[in-house]
Number of protein chains: 6
Amino acid sequence: MPKMYITRREVFSASHRLWNSDLSEEQNIELFDKCANPNGHGHNFVLEVTVVGDIKNESGYVVDLKKLKNIIREEIISKVDHKHLNHDVDFLKDKIPTAENIVREFWRVLETKITKAKLSSIRLHETENNIVEYRGEE
Amino acid sequence: MPKMYITRREVFSASHRLWNSDLSEEQNIELFDKCANPNGHGHNFVLEVTVVGDIKNESGYVVDLKKLKNIIREEIISKVDHKHLNHDVDFLKDKIPTAENIVREFWRVLETKITKAKLSSIRLHETENNIVEYRGEE
Amino acid sequence: MPKMYITRREVFSASHRLWNSDLSEEQNIELFDKCANPNGHGHNFVLEVTVVGDIKNESGYVVDLKKLKNIIREEIISKVDHKHLNHDVDFLKDKIPTAENIVREFWRVLETKITKAKLSSIRLHETENNIVEYRGEE
Amino acid sequence: MPKMYITRREVFSASHRLWNSDLSEEQNIELFDKCANPNGHGHNFVLEVTVVGDIKNESGYVVDLKKLKNIIREEIISKVDHKHLNHDVDFLKDKIPTAENIVREFWRVLETKITKAKLSSIRLHETENNIVEYRGEE
Amino acid sequence: MPKMYITRREVFSASHRLWNSDLSEEQNIELFDKCANPNGHGHNFVLEVTVVGDIKNESGYVVDLKKLKNIIREEIISKVDHKHLNHDVDFLKDKIPTAENIVREFWRVLETKITKAKLSSIRLHETENNIVEYRGEE
Amino acid sequence: MPKMYITRREVFSASHRLWNSDLSEEQNIELFDKCANPNGHGHNFVLEVTVVGDIKNESGYVVDLKKLKNIIREEIISKVDHKHLNHDVDFLKDKIPTAENIVREFWRVLETKITKAKLSSIRLHETENNIVEYRGEE
């Protein structure tokens, strides 16, 4: 059976601040520069979730994209959209909310919830110029 | 020799209806929801065809993109643009025209026509949020 | 008070066929070419609705974009998304569904429903290269 | 002399919270919904500044876009990028930082700084679906 | 009759050099900076041509966009695409090919060739951040 | 440790001419068509550089994107932006500046300069429809 990669794109608007509480203020500013602004800043994050699987004969689908969309919206978007990622999101507590760490935690959430296909990649566009992708590799 | 991946992007406007004639109307609506609308609906499909091969010394090209473009336009775009995918396209007859099945059939058509490089991936954007990719894996 | 122009963008996927039943088949093909394909074709139409009004002191808004979005979705998107514009849409019955006529009828629908600000412009992108705009001018 | 409209596009990443301190918490939530989240949220704001003027014979320019870019970056971007619009920006103090009010204050700042051409329009994209424009009309 | 604005978007790839032969080398470098590079540089210019007119009852069109596209391609694109704007284009000879001057000359060419509707605006995107528009105003 | 792919996008405007000096004029025109125009042509090239590596605990970063950006700008963008790729760029001398060869030489430059993570892919968009990618494979 042919294996297809299915991608769903979602957008959310959130704020964050990059800060490592184990480091001094000087070290944080050295490391994170304007991303360490005490009052935070924000982005329209663009999220692309890709799953892979076989085409089902009955539907011609790998997965029903409506259902994949609903999982992403319930498990991720409803928890991060119009939120502050340092303060308002349980699964990001005690993490420095860099794009890398956000993607890593999104993967942890989604891999247990997406059961009809295999999670293949999560991409997060922080700006139109900065993009992070995780493919499940350790 | 360095191996390069060359992508050509094309756009076509077509309509389709998702319907499995082996299932009841209730089952089709359960499965395909608004995509089962009897009169169909449509999209500006964005197609990305990627081939891979070595750079030729004489030209500095892997393939002449004009020729790749012409193959895609003759074999695919001329047959699906401004068409109804359920009724007007020979190589989609008797298929449920989901993005997955469309990509699979595009691959069948193109892999025999593209001879100067190896077909590596076909991506089809059905909307700006829904994308399907096939990389030739079974 | 400063006058602000507020634009909401929505996308819908629909099919249509350009055909004037007062003309012969030859005349229709001469006029509409591949857009006259008997089984129709489709697009991801991108709709931009712009209203103009004063900023309210209490909210800092001209209009609440959530409410404007809801009006557009209820009055327009729910009626045209995943539909065939020639057959499934009451307010387009007996119109040739060119982008021009679609925009004209969208204006008729929306100008009576948007009451908190003045309708200023409706733009409809049929493809990434073809765009029609109406500004209420006769 | 022909009059030309020249647009410079810039992007900045900022957070904000919509809140009217003259209203109760219930009224704020009624009015601003998820935009009233106590810890704020953020966007990649896309700013388009348009000026109008005559072409100069010597340069073929209306304005030197490098100079226009520098004014926008010095007067606006350096003050709002990677900032919290409620707390970190002098010219937004005591304003509800809706897109409408942000655009209005940007206009106030820029109209005194851009002297080689006339400010014609400021557009601010808060998301890919929500856009506000001011053209200097009262 | 409702007046509609119809926009056709085209892209062309060209090179140019900004240089005023009445000025010294120092003055040119002061004025045009890196745009005065002796060997030139280039862009994918994005052109948007907007015409305005009444909807025709017979077709539901203001203009047949295929015909508008053909005029733009014959009169403009075929003459500037894959060309050097300083050396290869008759109607730009002896002009400094700034975006402003290019748009002005495109207008001169197109206003005599587009007869079925009124030319309303020509916009030229030199980069994704720099845009020039002419609306026929003196 | 999770491996993350980090992409930085940059844009540059350059001109080039495709010409193989070992071939006759007829052969060059046969091979390169309008890309062989004697005075050259140009593009807004979009460059995407992807590196891969582990997340560092201290920063939550794989690499500091500001530093990656600075390397790309110093080593690549400052040398190709607003230049003629055939004449003005040391590391492209005696190469036919096809997108394939440009990407190959960018890889040679960057792989010795990026030391904090492994270079994974370089993509170059010559136009919105033509894209070349190199992943370091021979």
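Look a little higher up for the structure.
Summary of the structure given here. The structure displayed is predicted, hence computed values, not measured ones. Throughout this document, residue positions are counted from 1 along each chain, in the order its sequence is written. All chains are assigned letters beginning with A, and all ligands numbers beginning with 1, in the order in which they are written. With the structure being a predicted model, the display of local features is reserved for residues of pLDDT at least 70 and the display and counting of side-chain atom pairs for 80 or more, all residues being used for whole-chain, interface and lining totals. Here the side-chain values reflect all heavy atoms present in the structure, with hydrogen atoms and water set aside.

Here we look at the relation of the copies chain A and chain D
In step 1: The fit set for superposing copies consists of C-alpha atoms from residues with pLDDT of at least 70 in both; the fit itself is least squares. By a simple turn and slide, chain A fits onto chain D: the slide is 0.0 Å along the axis, the RMSD is 0.0 Å, and the turn is 180°. Each copy turns onto its partner about a two-fold axis.
In step 2: Residue contacts are defined here by distance: any two heavy atoms, one from each residue, within 4.5 Å place the two residues in contact. By residue overlap, the copies meet face to face through one surface: 100% of the interface positions of chain A are interface positions in chain D.

With respect to the arrangement of the chains
In step 1: Chain B shows no contact with chain E. Their nearest C-alpha atoms sit 14 Å apart.
In step 2: Between chain D and chain F there is no contact, and the shortest C-alpha to C-alpha separation is 14 Å.

Overview of the pairing of strand β2 (residues 41-54) of chain D
All names here are of chain D.
In step 1: Type-normalised accessible area, obtained with a 1.4 Å probe on protein chains alone, sets the label of each residue: buried when under 20%, exposed when over 50%, and partly exposed for intermediate values. The secondary structure listing takes helices from DSSP runs of H or I that are at least 4 residues long and strands from runs of E that are at least 2 residues long, numbered from the N terminus. Within β2, 13 of the 14 residues are buried, leaving the element largely enclosed by the surrounding structure.
In step 2: The pairing of strand β1 (residues 3-16) with β2 spans 14 bridges and is antiparallel. In the strand pairing of β2, Thr 7 is matched with Thr 50.
In step 3: Two strands pair when backbone bridges link them, and β2 and strand β4 (residues 118-125) are joined in this way by 7 bridges, in the antiparallel orientation. Paired with Val 46 across the strands is His 125, a residue of β4. Two strands pair under a simple rule: DSSP has to find at least two bridges between them.

Observations concerning the side chain of Ser59(B)
In step 1: Relative to the assigned elements, Ser59(B) resides in the loop between β2 (41-54) and α2 (65-80).
In step 2: With relative accessibility at 7%, the residue Ser59(B) sits in the buried group.
In step 3: Excluding anything up to four places from it in sequence, Ser59(B) contacts Leu31(F), Phe32(F), Ile96(F) and Thr98(F).

Concerning helix α3 (residues 99-113) of chain D
In step 1: Every helix has an expected span of 1.5 Å times one less than the residues it contains. The end-to-end C-alpha distance of α3(D), which contains 15 residues, comes to 21 Å, matching closely the 21 Å that a straight helix rising 1.5 Å per residue would cover.
In step 2: By the criterion of burial, α3(D) is predominantly enclosed, with 11 of the 15 residues buried.
In step 3: For α3(D), the complete set of buried residues consists of Ala99(D), Glu100(D), Asn101(D), Ile102(D), Val103(D), Arg104(D), Glu105(D), Phe106(D), Trp107(D), Val109(D) and Leu110(D).
In step 4: Where α3(D) is buried, its residues touch β1 (3-16) of chain C together with β1, β2, α2 (65-80), β4 and β5 (130-134) of chain D.

Notes on the interface of chain A and chain D
In step 1: Taken together, the contact pairs 23 residues of chain A with 23 residues of chain D.
In step 2: As a working definition, buried area equals the accessible area (1.4 Å probe) given up by two parts on being put together, with both sides summed. Between chain A and chain D, roughly 1,700 Å² of surface is buried when both sides are summed, and carbon and sulfur atoms account for 43% of that area.
In step 3: Ranking the residues of chain A by area buried against chain D places Asn39(A), Asn44(A) and His82(A) at the top, with a combined share of 34%.
In step 4: We define a salt bridge as a side-chain nitrogen of Lys or Arg found within 4 Å of a carboxyl oxygen belonging to Asp or Glu. The salt bridge partner of Asp81(D) is Lys34(A), with a shortest N-O separation of 2.9 Å.
In step 5: Pairing of N or O atoms within 3.5 Å defines a polar contact, subject to two protein rules: one partner must be a possible hydrogen donor and the other a possible acceptor, and residues neighboring in sequence count only if both atoms are side-chain atoms. Between chain A and chain D we count 19 residue pairs in polar contact (both at pLDDT 80 or more) in total.
In step 6: Broken down by secondary-structure element, the contributors of at least two residues to the side of chain A that touches chain D are β1 (3-16), β2 (41-54) and β3 (83-84) of chain A.
In step 7: Each residue is assigned to one class: nonpolar for Ala, Val, Leu, Ile, Met, Phe, Trp, Tyr, Cys and Pro, charged for Asp, Glu, Lys and Arg, and polar for all the others, Gly among them. Taken together, the residues of the side of chain A that touches chain D break down into 3 nonpolar, 13 polar and 7 charged.

Focus on helix α1 (residues 25-32) of chain C
In step 1: Asn28(C), Leu31(C) and Phe32(C) are the residues of α1(C) that are buried. Around the axis of α1(C), the buried residues are gathered within 75° of arc, so they sit on the same side. α1(C) presents Glu26(C) and Glu30(C) as exposed residues on the side facing more than 90 degrees away from its buried surface.
In step 2: Buried residues along α1(C) sit against α2 (65-80) of chain E.
In step 3: Downstream of α1(C) by a residue or two, Asp33(C) has a phi angle that is positive, lying close to 50°. Working note: the arc is built from the helix axis to C-beta atom directions.

Topic: the packing of aromatic side chains
In step 1: When the centres of two rings from Phe, Tyr and Trp lie within 6.5 Å, Trp using its six-membered ring, the rings pair. Their planes under 30 degrees apart give stacked, over 60 give edge-to-face, and anything left gives tilted. Using the criterion set out here, one finds 30 aromatic pairs over all chains in the structure.
In step 2: The interplanar angle of 15° and the centroid separation of 5.0 Å between the aromatic rings of Phe12(A) and Phe45(A) together place this pair among those described as stacked. Of this pair, Phe12(A) sits in strand β1 while Phe45(A) sits in strand β2, and the two are 33 residues apart along the sequence.
In step 3: Think of it as a cone above the ring: NZ of Lys or CZ of Arg counts as a charge over the ring if it is within 6 Å of the ring centre and within 35 degrees of the ring normal. In this arrangement the basic side chain of Arg17(B) is found over the ring face of Trp19(B), its NZ or CZ atom lying 3.9 Å from the centre.

Examining the packing of helix α2 (residues 65-80) of chain A against helix α3 (residues 99-113) of chain A
All names here are of chain A.
In step 1: As a packed pair, α2 and α3 sit with axes 9 Å apart at the nearest point and diverge in direction by 155°. By the angle between their directions, the pair α2 and α3 is classed as roughly antiparallel. As α2 packs across α3, the resulting crossing turns out to be right-handed. In contact with Ile 71, Ile 72, Glu 75, Ile 76 and Val 80 of α2, α3 contributes Phe 106, Val 109, Leu 110 and Lys 113.
In step 2: In terms of residue class, the contact of α2 with α3 is built from 7 nonpolar, no polar and 2 charged. Geometry is summarised by axes, namely lines fitted to C-alpha atoms with helices restricted to the contacting stretch, and by angles between N-to-C directions that run from 0 to 180 degrees. Angles below 35 degrees are treated as roughly parallel, those above 145 as roughly antiparallel, those between 65 and 115 as roughly perpendicular, and all remaining angles as oblique. Note: crossing handedness is left-handed where the near helix turns anticlockwise from the far helix by less than a right angle, and right-handed where it turns clockwise.

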